[in-house]
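# Breakdown of the fold
The lines below spell out each chain.
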Amino acid sequence: MTVLGRRRFLGLSGAALAGALGASGCSRTSQQEAVTTAGADVIRWWDHFQPLKPLYERMFAEYGKAHPGTRVEHVVYNPSEMGQALQLAFKSNQIADVHTVAGLGSSEAALVAGGWFSPLADPDAIRAKLPADSLLEGLHVFDGKLYTFPVFTPRQYATLNWFNRELVEKAGGDPDAGPATWDEFRALAARITKDGGGRAYGWIQGLQFQERMQTHVTELAMSAGAALAIIPGAGEMGLVDPRTGDYPYASEPFVQALEFLLSLVRDKVVFPASTSLDARTARARWATGVAGMFFDGSWNIGVVNGQFKQFAGKVGVGPVPSPDGEPVLYGAPAQGQLFVSSKSRHVEAASELLAQCTGPEFSRALAGYMDQVPLDLEAVATADVHPTYKRAVELFGRNVRLAPSPVSRNPAVTQVISEMKEQRPTLGEITQGILSGEITDIGKTLREHNGKLTAERERATRVVSGKGVRVSLDDWAFPNWKRGEDYTAEMYRQ
């Protein structure tokens, strides 16, 4: 998502950089993407951001023009292949100068301790171009040294309500904002279904996609008042109530979120084939006009605009529906996406190049692909994007607060998470069971699931602390957390 390669990049002017980034838009592209130049200085860059490939390649081309003696070799991997490729390359000293960490299954702290990365050169210059509180110990900074920085914003979620403006307006809804509350959503879905006469339904979703359904339930629960501290990348094992450090799944907001989804099934407003769809196929069916509403992230309009352009003019977007129409959600601290390898011979050059991915030109260009949202939300306002993408980002800025992360307090928490075994059924599997009717007692099932996770975390903590690691269950609790406010970097030190 961020980087290229070689020195003297400081000589590339702001205007040239803007030109390189100006035109905008994960599988593996195994062949090297740059044209070989005999005797050239080579920087190798591996990532898994297929949608952003054109952005980087424009940057590479502009850089090559400014520095004829240097070129970039770019490989885009399928995320499922990335981890194995990195492991093999690291062991054989063939790893790229700059790479992501997809598929490695280890925390940043563990990888730093394992000698994978080099600290970035000239960290003060990078820090100066980043928003306040975007860098945290245990995620980006280790022993006072900067190893990476976020490029995507933590202020986003995947349960925006995307809707067909024509169907919503015909059913008497607001074609600009959509429904705000759960009751409004349910009533509008019923009217769309009734008007559709078997040809259109109120809501479509990829119910087969367990992980995404788990995300939707969690975000609906937050909209109903669930408070969460978040460990990035740890799934349901990394979500706790910051007030107590306890797992939150037996709380009333989670029960209410599942009851809301179940009510849509019982109302028969769900597109009938939803149980066999994943997110991609559900989106494709939604774009044909068979359903009014669809939960997805900000990237939805980018996909629609690229694959179903004839439908893009009919698309509207609103916030995640909530009981009172005033949702507050919490975002995990943004992780770093790219790292400079400890085996690189071009650490200084790679660091200088990474620093170029922090300015407004890069953020606007990144926004132009309407995929992941850039760290600088304000840059989206002047980007060339679909109006619904701008509205989605505005909603993120309005509704999302920064959550605390136990890892930033004590990086050893990641060792506990790594020791923990997944508890089945997962929240995603429980959600499927509830919506299919196989699970009838929501409260009891969630209490059992909560108890399993709690017992497993206690076991894992005993194992890790028994090895002499300083970690305890107290590391998950944040007594100074305040509902509805950002948890800032300074608050970790209080």
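Anyway, here's the lowdown on the structure attached to this text.

Reading guide: rules and limits
- Here, residues in each chain are numbered from 1, in the same order as that chain's written sequence.
- Local features in a predicted model are, by the rule used here, given only for residues with pLDDT of at least 70; side-chain atom pairs are given and counted only at 80 or more, and totals for whole chains, interfaces and linings are based on all residues.
- Excluded from the side-chain calculation are hydrogens and water; included are all heavy atoms of the structure.
- A helix here means a DSSP run of H or I that spans at least four residues, while a strand means a run of E at least two residues long, and both kinds are numbered starting from the N terminus.
- Only the C-alpha atoms count toward the radius of gyration. The rule for a globule is 2.2 Å times the residue count to the power 0.38.
- Burial classes follow relative accessibility: with a 1.4 Å probe on protein chains only, a residue under 20% of its type's maximum area counts as buried, one over 50% as exposed, and anything between as partly exposed.
- The accessible surface values rely on the Shrake-Rupley method and a 1.4 Å probe; as for residues, cover is taken only from the protein chains in view.
- Strand pairing is defined by DSSP finding a minimum of two bridges between the two strands.
- When checking whether two residues touch, look at their non-hydrogen atoms; a contact exists if any pair is within 4.5 Å.
- Between the N-to-C directions of two axes lies an angle of 0 to 180 degrees, each axis being a line fitted to C-alpha atoms and, for a helix, fitted only over the stretch in contact.
- For crossovers, right-handed means that the path from the first strand over the helix to the second runs clockwise, given strands pointing away from the viewer.
- Each angle receives one of four descriptions, namely roughly parallel if under 35 degrees, roughly antiparallel if over 145, roughly perpendicular if within 65 to 115, and oblique otherwise.
- For a crossing to be left-handed, the near helix must be turned anticlockwise from the far one by less than a right angle; the clockwise case is right-handed.
- Note on residue categories: nonpolar means Ala, Val, Leu, Ile, Met, Phe, Trp, Tyr, Cys or Pro, charged means Asp, Glu, Lys or Arg, and polar means any other residue, Gly included.
- Multiplying one less than the number of residues by 1.5 Å gives the expected span of a helix.
- Note: the arc covers the axis-to-C-beta directions of the helix.
- Pairing of aromatic rings covers Phe, Tyr and Trp, the last counted by its six-membered ring, and requires centre-to-centre distances within 6.5 Å; plane angles under 30 degrees mean stacked, over 60 mean edge-to-face, and any other angle means tilted.
- Ring-over charges, as used throughout, are those where CZ of Arg or NZ of Lys falls within 6 Å of the ring centre and within 35 degrees of the ring normal.
- Whenever a carboxyl oxygen of Asp or Glu lies within 4 Å of a side-chain nitrogen of Lys or Arg, that contact is scored as a salt bridge.

A tally of regular secondary structure across the protein chain gives 19 helices and 14 strands. Taking 2.2 N^0.38 as the reference for a compact globule, 494 residues should give roughly 23 Å; the C-alpha atoms of the protein chain span a radius of gyration of 23 Å, in line with that estimate. C-alpha extents for the protein chain along the principal axes are approximately 70 × 60 × 35 Å. By the burial criterion, 57% of the 494 residues in the protein chain qualify as buried. Total accessible area on the protein chain stands at roughly 20100 Å², and carbon and sulfur atoms take up 47% of it.

Attention shifts here to the sheet that holds strand β13 (residues 339-340). Working definition: the strands of a sheet are paired by backbone hydrogen bonds and lie parallel or antiparallel to each other. Ordered in space as β2-β1-β3-β13, the four strands form an open sheet in which the pairing is mixed. Lying at the two open borders of the sheet, with one neighbouring strand each, are β2 (70-76) and β13. In the sheet, strand β1 (residues 41-47) pairs with β2 via seven bridges, with the strands oriented parallel. Each bridged residue has a counterpart across the sheet, and for Arg 44 the counterpart in β2 is Glu 73. Each of β1 and β3 (98-99) touches helix α3 (residues 79-91); the most contacted strand, β1, lies at about 140° to it.

Turning to the pairing of β1, a few remarks are in order. The parallel pair β1 and β2, bridged by helix α2 (residues 53-66), forms a crossover whose chirality is right-handed. In this sheet, β3 lies alongside β1 in parallel orientation, the contact comprising two bridges. Counted as the bridge partner of Trp 46 is His 99 from β3.

Between helix α18 (residues 427-436) and helix α19 (residues 442-465), the least distance of the axes is 11 Å, while the angle of their chain directions is 165°. Taken as axis vectors, α18 and α19 run roughly antiparallel relative to one another. In the crossing of α18 with α19, the sense of the turn from one axis to the other is right-handed. Packed against α18, whose contacting residues are Leu 427, Ile 430 and Ile 434, the element α19 presents Ile 442, Thr 445, Leu 446 and His 449 at the interface. Taken together, the residues of the contact of α18 with α19 break down into five nonpolar, two polar and no charged.

When the terminal C-alpha atoms of α2 are compared, their 20 Å separation across 14 residues agrees well with the 20 Å that a helix rising 1.5 Å per residue should span. When we look at burial in α2, the residues that qualify are Lys 53, Leu 55, Tyr 56, Met 59, Phe 60 and Tyr 63. Considered in projection along α2, the buried side chains sweep an arc of 160° and stay on one side of the axis.

Turning next to the packing of aromatic side chains. Applying the stated criterion across every chain yields a total of 20 aromatic pairs. Pairing Trp 45 with Tyr 56 gives two aromatic rings, centres 4.4 Å apart and planes at 65°, and the pair type is edge-to-face. Here Trp 45, found in strand β1, pairs with Tyr 56, found in helix α2; they are eleven residues apart in sequence, far enough to count as distant. Chaining the aromatic ring pairs together yields one cluster made of Trp 182, Phe 185, Trp 203, Phe 260 and Phe 295. One Lys or Arg, Lys 343, reaches over the ring of Phe 90 and ends 4.6 Å from the middle of that ring. Across from the ring centre of Phe 478, 3.9 Å away, lies the NZ or CZ of Arg 409, which sits over that ring.

Tallied over the full model, the rule gives 13 salt bridges. The shortest N-O distance in the salt bridge between Glu 166 and Lys 314 comes to 3.7 Å. Residue Glu 166 is found in helix α6 (residues 165-170), and its partner Lys 314 is found in the loop between α12 (309-312) and β11 (315-318); the two are separated by 148 residues along the sequence. For Arg 459, the salt bridge is made with Glu 456, and the minimal N-O distance between the two is 2.7 Å. Of the two residues, Arg 459 and Glu 456 are both situated in helix α19; the distance of three residues between them amounts to about one turn of the helix. The partly exposed category is assigned to Arg 459, whose relative accessible area is 24%. One continuous salt-bridge network, built from bridges that share partners, spans Arg 212, Arg 283 and Asp 296.

Here we come to the sheet that holds strand β10 (residues 291-296). Spatially, the four strands line up as an open sheet ordered β7-β10-β6-β11, and their pairing is mixed. With one partner strand each, in any of the chains shown, β7 (201-203) and β11 form the two edges of the open sheet. Going across the sheet, the axis of each strand differs from the next one's by a mean of 25°, ignoring polarity. In terms of strand pairing, β7 meets β10 through two bridges, oriented parallel.

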